[in-house]
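Next come the chains, spelled out residue by residue.
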Amino acid sequence: MGARIVTACLMSNKSDAVWCVIPAAGGGSRMGAGVPKQYLQLDGCCVLERAVRVFDGLAAVTGIAVGLAPDDAFWDTTELPGLDRVHTYTGGRERVHTVLGGLRFLIESLGAGPGDWVLVHDAARPLVKAVDVERLLTQCRENDLGGLLAAELVDTVKRDNGSGAVAVTVEREGLWRALTPQCFKLSDLESAVASAVRDGIIATDESNAMERAGHEVLLVRGDRNNLKITYPGDIHLARCLVAL
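Residues numbered from 1 in each chain as written. Predicted model: local features only at pLDDT ≥ 70, side-chain atom pairs only at ≥ 80, totals over all residues. Heavy atoms only, no water.

## Notes on helix H5 (residues 186-198)
Okay, so step 1: Between its terminal C-alpha atoms H5 stretches 18 Å, which fits the 18 Å expected from 13 residues at 1.5 Å a residue.
Okay, so step 2: For H5, the complete set of buried residues consists of Leu-186, Leu-189, Glu-190, Ala-192, Val-193, Ala-194 and Ala-196.
Okay, so step 3: Contacts made by the buried residues of H5 are with helix H3 (95-109), strand E6 (117-120), strand E10 (176-185) and helix H6 (206-212).
Okay, so step 4: Of the residues one or two after H5, Gly-200 is the one with positive phi, at around 75°. (Helix = DSSP H or I, 4+ residues; strand = E, 2+ residues; numbered from the N terminus. Expected span 1.5 Å × (residues − 1). Buried < 20%, exposed > 50% of the residue type's maximum accessible area, 1.4 Å probe, protein only. Contact = heavy atoms within 4.5 Å.)

Okay, here's the thing in structure tokens:
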């Protein structure tokens with residue numbers, strides 16, 4: 001998991017620095033576990049450590065900024081503080097505030113440039129595959145556009161009527177599940193997220209903020225098992241997938 005991964009397509013464009021922001025300041029209240037979901041154990045380490053090590057294993061990544069809650073009591077119990085390219089900063093009230101803080105931390109503390117690429121990844125997505133991250137980076141660079149990993153919907157989708165009954169069946173053709181990481185130029189993303197925050201918009205992901213700012217965003221196919229640990233059953237599913 002810690003091996004450095006180098007591909008010809010990434011090494012051919014060394015001038016484009018790549019950074020990673022992982023917002024990990026949430027309490028995971030929907031898990032009801034007593035421990036933030038990013039610190040639940042998964043295959044010998046915690047969920048957050050497994051996610052971080054995927055990006056630390058990519059030679060293209062210059063540095064990783066992890067946003068922690070002010071009262072985080074778990075970070076120092078992991079092996080993550082010993083990784084040279086991993087840095088921490090204090091997160092905000094909502095995920096979007098933690099992401100914005102991370103983007104500014106890259107600029108102000110780590111020396112990232114406005115034209116650098118930044119990957120934003122959910123701390124609770126421990127099963128992301130390095131090959132998918134590489135594909136995302138490659139397609140964003142080749143098209144000079146930001147993008148996100150995503151998976152096409154395969155289930156029939158229903159919209160409820162607010163009272164627990166079906167209002168309508170939604171046509172699923174052309175619908176995708178947004179995954180992470182999501183990849184954008186640093187200056188564009190910082191501006192888009194800052195604008196959303198100023199306007200009181202709680203952007204649910206980075207693509208949401210970029211779309212709102214008028215940017216075109218690429219959909220890059222990712223592994224559908226790149227699940228987000230949210231409810232108690234999710235960690236059990238993740239453990240089963242890791243064991244395969």
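## A short note on the nonpolar core
One broad trend across soluble globular proteins is that nonpolar side chains are buried collectively.
Okay, so step 1: Membership of the largest hydrophobic core comes to 34 residues, with the highest contact counts inside it found for Ile-22, Leu-48, Val-52, Phe-55, Ile-64, Val-66 and Leu-119.
Okay, so step 2: Taken together, the elements giving at least two residues each to this core come down to strand E1 (18-24), helix H2 (47-56), strand E4 (61-68), E6, helix H4 (130-143), strand E7 (146-152), E10 and strand E11 (217-221).
Okay, so step 3: The greatest single-element share of this core, amounting to five residues, is contributed by H4.
Okay, so step 4: Look past the residues within four positions of Phe-55 in its chain and what remains in contact with it is Cys-20, Ile-22, Val-61, Ile-64, Arg-85, Leu-119, His-121, Val-128, Val-133 and Pro-181. (Core = buried A, V, L, I, M, F, W, Y, C linked by side-chain atoms within 4.5 Å.)

## Some thoughts on unusual backbone geometry
Okay, so step 1: Cis geometry marks the peptide bond from Thr-180 to Pro-181, where omega comes out at 15°.
Okay, so step 2: Tracing the sequence through the fold places Pro-181 in strand E10.
Okay, so step 3: If you check the backbone angles, Asp-144 has positive phi at about 50° while not being a glycine.
Okay, so step 4: Mapped onto the elements of the fold, Asp-144 is located in the loop between H4 and E7.
Okay, so step 5: Under the relative-accessibility criterion, Asp-144 is labelled exposed at 53%.

## Considering the packing of H3 against H5
Okay, so step 1: Across the interface, H3 lies against H5 with an axial gap of 10 Å and an inter-helix angle of 140°. Handedness of the crossing formed by H3 with H5: left-handed. Note on element contacts: H5 touches H3 through Leu-186, Leu-189, Glu-190, Val-193, Ala-194 and Val-197, opposite Val-96, His-97, Leu-100, Leu-103, Arg-104, Leu-106 and Ile-107.
Okay, so step 2: Classifying every residue of the contact of H3 with H5 gives ten nonpolar, one polar and two charged. (Axes fitted to C-alpha atoms, helices over the stretch in contact; angles between N-to-C directions. Left-handed = near helix turned anticlockwise from the far one by under 90°. Nonpolar A, V, L, I, M, F, W, Y, C, P; charged D, E, K, R; others polar.)

## Some points on the pattern of salt bridges
Okay, so step 1: The final tally for this structure, using the stated rule, is 13 salt bridges.
Okay, so step 2: Ionic pairing is found between Arg-50 and Asp-43, a salt bridge with its closest N-O pair at 3.5 Å.
Okay, so step 3: Exposure remark for Asp-43: the relative accessible area of 54% places this residue in the exposed category.
Okay, so step 4: Of the charged contacts in the structure, one is a salt bridge between Arg-221 and Glu-152, with a shortest N-O distance of 2.6 Å. Here Arg-221, found in strand E11, pairs with Glu-152, found in strand E7; they are 69 residues apart in sequence, far enough to count as distant. (Salt bridge = Lys/Arg side-chain N within 4 Å of Asp/Glu carboxyl O.)

## Structural notes on the sheet that holds E6
Okay, so step 1: Reading across the sheet, the seven strands line up as E5-E4-E1-E6-E10-E7-E11 and stay open at both edges, with mixed pairing between neighbours. Of all strands in the sheet, those bounded by a partner on one side alone are strand E5 (86-90) and E11. If you compare each strand with its neighbour and ignore which way they point, the axes differ by 25° on average.
Okay, so step 2: Sheet analysis places E7 next to E10, joined by five bridges and oriented antiparallel. Following the sheet pairing, Ala-150 is matched in E10 by Ala-178.
Okay, so step 3: Packing against the sheet, H2 makes contact with E1, E4, E5, E6 and E10, and its axis sits at approximately 160° to E4.
Okay, so step 4: Together, E1, E6, E7, E10 and E11 form the strand contacts of H4, whose direction differs from that of E11 by roughly 145°. (Pairing = 2+ DSSP bridges.)

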